[in-house]
Amino acid sequence: MEVFRLTGPASLHGSVDVRGAKNSVLKLMAASLLAVGRTTITNVPAILDVRIMVELLGRLGCVVDYDPDAGIVGIDVPAEVGIQADYELVRAMRASISVLGPLTARMKAAHVALPGGDAIGSRGLDMHQAGLEALGATVHLEHGYFVATAQAGLRGTEIALDFPSVGATENLVMAATLARGETVISNAAKEPEIVDICTMLVEMGAKITGIGTGLITITGVDALRPVTHRTVGDRIVAGTYAFGAALSAGDVTVRGVGLELLPNVAIKLRDSGAVVDDLGDIPLADGTTGQGFRVIGTRRPRSIRVATMPFPGFPTDLQPFVIGLNSVADGVGLLSENLFEARWRFVQELARLGAKVRIDGNHALVTGVPELSGAEVEASDIRAGAGLVLAGLRATGVTEVSGIDHIERGYENFVANLRKLGAPIERVVRAEGLRFG
Ligand code: UD1
């Protein structure tokens, strides 16, 4: 079994390049299905989830070439694409559900398996289903698959989301681009990844207004054209390194993501005593220009109070890093999880490092200790895994994180980047433990 082995304490110093957002690029790739011809997506991170999406699009009949080093995916979409997203792939990556809208709009039918996904509580899809039905599709569950049909094509309508769901907003916007007439989505999600996909759709010829607001209006068109699009930077990966600096008394410059994508995060990092500087436009590793920022951590952070909220609130995906920071901070900190059924498996692992966390419903109350103590811990999802690695920076001795395939689903070159920032971390093979029977 391969694990990440880190010897602490250590702090992060230097600069790190962050490429496109996992949570955007997967949807941009799905959106390519809306146009016949070759779509090119750039600033693509080299992560496992992109490979899974490449496989899914290939099985749908697209010819996909992916250059992970250059960060480019080219997708040739034929006139007729398949309509089935297999359980095997959707199970491996929940974001596969984002082909549901495009396939229903373009092929008038889709069979998409119901996902399993991250171990972060039950994640409903009722708004995806209800929205497509409002657009004129029939959607029912058959043998574990969503079966959507819209023989007469989709037609514009008004959709009021119960909650600003990222996935439902994306699926419904994509579907509505090829519907007859006007669709108005209220209580839509405003995340930067939504802005990114809407921007690409507009480049493809879609008519969308209200992008980045809670009220998105889409006027359907007959067809879209393929384009070349650059993926927005990954604010969650950027936030991970930012918390790494704040938690480890480090000094990290993040290149490729601007602070405007992390409004609430910058405020909370400053509350912890860190200095956060907006560097504006700076040169990026790929020769282009993009935004950057710098975080300088204090010797011992102050504990912070954070409530996760839809954008522009504090992102739920950075929740483990808040708990990690609070676990070594001065004082008592609080994290309230408002988006998902709480992901507390992470907390149980953090407790193995000596963190003092009390869970009460969706709240994690953390009493900071001066230092943690290295141990073997297990990642239960992408961010929990990265959170355990960062906590290991403030733990004396060796911390070994298993379940690293979770981390590699969302972080490119995680070990290499941390090593570049000065952390003594390596990927090693750990002998299997006890065997019975
Ligand atoms: C996306 C991100 C994820 C992030 C989340 C919130 C991807 C691949 N994943 O997930 O990293 O944590 O946004 O920013 O982009 N819900 C329903 N019914 C629905 C849809 C959602 O009840 O039809 C609920 C979910 O159970 C959850 C909440 O709404 O409690 C938020 O879900 P949503 O915004 O849809 O998140 P995802 O798109 O799954």
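Computed from a prediction, not measured in an experiment: that's the story for all the values here.

What counts as what
Residues numbered from 1 in each chain as written. Predicted model: local features only at pLDDT ≥ 70, side-chain atom pairs only at ≥ 80, totals over all residues. Heavy atoms only, no water. Core = buried A, V, L, I, M, F, W, Y, C linked by side-chain atoms within 4.5 Å. Buried < 20%, exposed > 50% of the residue type's maximum accessible area, 1.4 Å probe, protein only. Contact = heavy atoms within 4.5 Å. Domains from an automatic or database assignment. Buried area = accessible area lost by both parts, 1.4 Å probe. Salt bridge = Lys/Arg side-chain N within 4 Å of Asp/Glu carboxyl O. Polar contact = N/O pair within 3.5 Å; in protein donor to acceptor, adjacent residues only side chain to side chain. Helix = DSSP H or I, 4+ residues; strand = E, 2+ residues; numbered from the N terminus. 1 Å grid on protein atoms, 1.4 Å probe; cavity = no way out; pocket = protein on both sides within 12 Å on 5 of 7 lines; lining within 4 Å. Points joined across faces, edges and corners; volume = space filled by probe spheres on them. Nonpolar A, V, L, I, M, F, W, Y, C, P; charged D, E, K, R; others polar.

Regarding the nonpolar core
Here's step 1: Ranked by internal contacts, the top residues of the largest apolar core, which has 76 residues, are Met29, Val50, Val99, Leu135, Leu201 and Leu224.
Here's step 2: Those residues in contact with leucine 135 that lie beyond four places of it in its chain are Leu154, Arg155, Gly156, Thr157, Ile159, Leu172, Ala175, Ala176, Ala179 and Thr183.
Here's step 3: Counting residues in hydrophobic clusters, the runner-up holds 72 residues, among them Ile323, Ala375, Ala386 and Leu390.

Some points on the domain arrangement of the protein
For an interface, size is often stated in terms of accessible area lost upon the parts coming together.
Here's step 1: Splitting the protein by domain gives domain 1 (2-18 + 233-429) and domain 2 (22-230).
Here's step 2: The distance between the C-alpha centroids of domain 1 and domain 2 comes to 30 Å.
Here's step 3: Between domain 1 and domain 2 lies a buried interface of about 2,000 Å² when both sides are counted; carbon and sulfur atoms form 49% of it.
Here's step 4: Considering only the side of domain 1, the residues that lose the most area to domain 2 are Phe311, Arg409 and Glu412, jointly responsible for 31% of the buried surface there.
Here's step 5: Taken together, domain 1 and domain 2 are joined by three salt bridges.
Here's step 6: The salt bridge involving glutamate 193 is made with arginine 235; its shortest N-O contact spans 2.9 Å.
Here's step 7: At the boundary of domain 1 and domain 2, one finds seven residue pairs in polar contact (both at pLDDT 80 or more).
Here's step 8: If you list the elements that add at least two residues to the side of domain 1 that touches domain 2, you get α12 (382-393) and α13 (404-410).

Notes on the pattern of salt bridges
Here's step 1: Counted according to the given criterion, the structure contains 18 salt bridges.
Here's step 2: One salt bridge connects aspartate 251 with arginine 294, and the closest N-O pair in it is separated by 2.6 Å. Taken as a pair, aspartate 251 in strand β15 (residues 251-255) and arginine 294 in strand β17 (residues 289-296) lie far apart in primary sequence, 43 residues in all.
Here's step 3: Overlapping salt bridges, with partners in common, bring together Arg5, Glu376, Glu400 and Arg430 in one network.

Describing the layout of surface pockets
Here's step 1: For the second largest pocket, the calculated volume is near 300 Å³.
Here's step 2: Surrounding the second largest pocket, 20 residues form its lining, Asn43, Arg230, Gly256, Leu284 and Gly290 being those nearest its centre.
Here's step 3: Among the elements that make up the lining of the second largest pocket, the one with the highest residue count is β17 (three residues).
Here's step 4: Here the lining of the second largest pocket is built from residues that sort into six nonpolar, eight polar and six charged.

Some remarks on the side chain of threonine 253
Here's step 1: With respect to the helices, strands and loops of the structure, threonine 253 is situated in strand β15.
Here's step 2: On the basis of relative accessible area, threonine 253 is assigned to the buried category, the value being 17%.
Here's step 3: Among all residues touching threonine 253, those that are not within four sequence positions of it are Gly14, Ser15, Val16, Leu279, Phe293 and Arg294.

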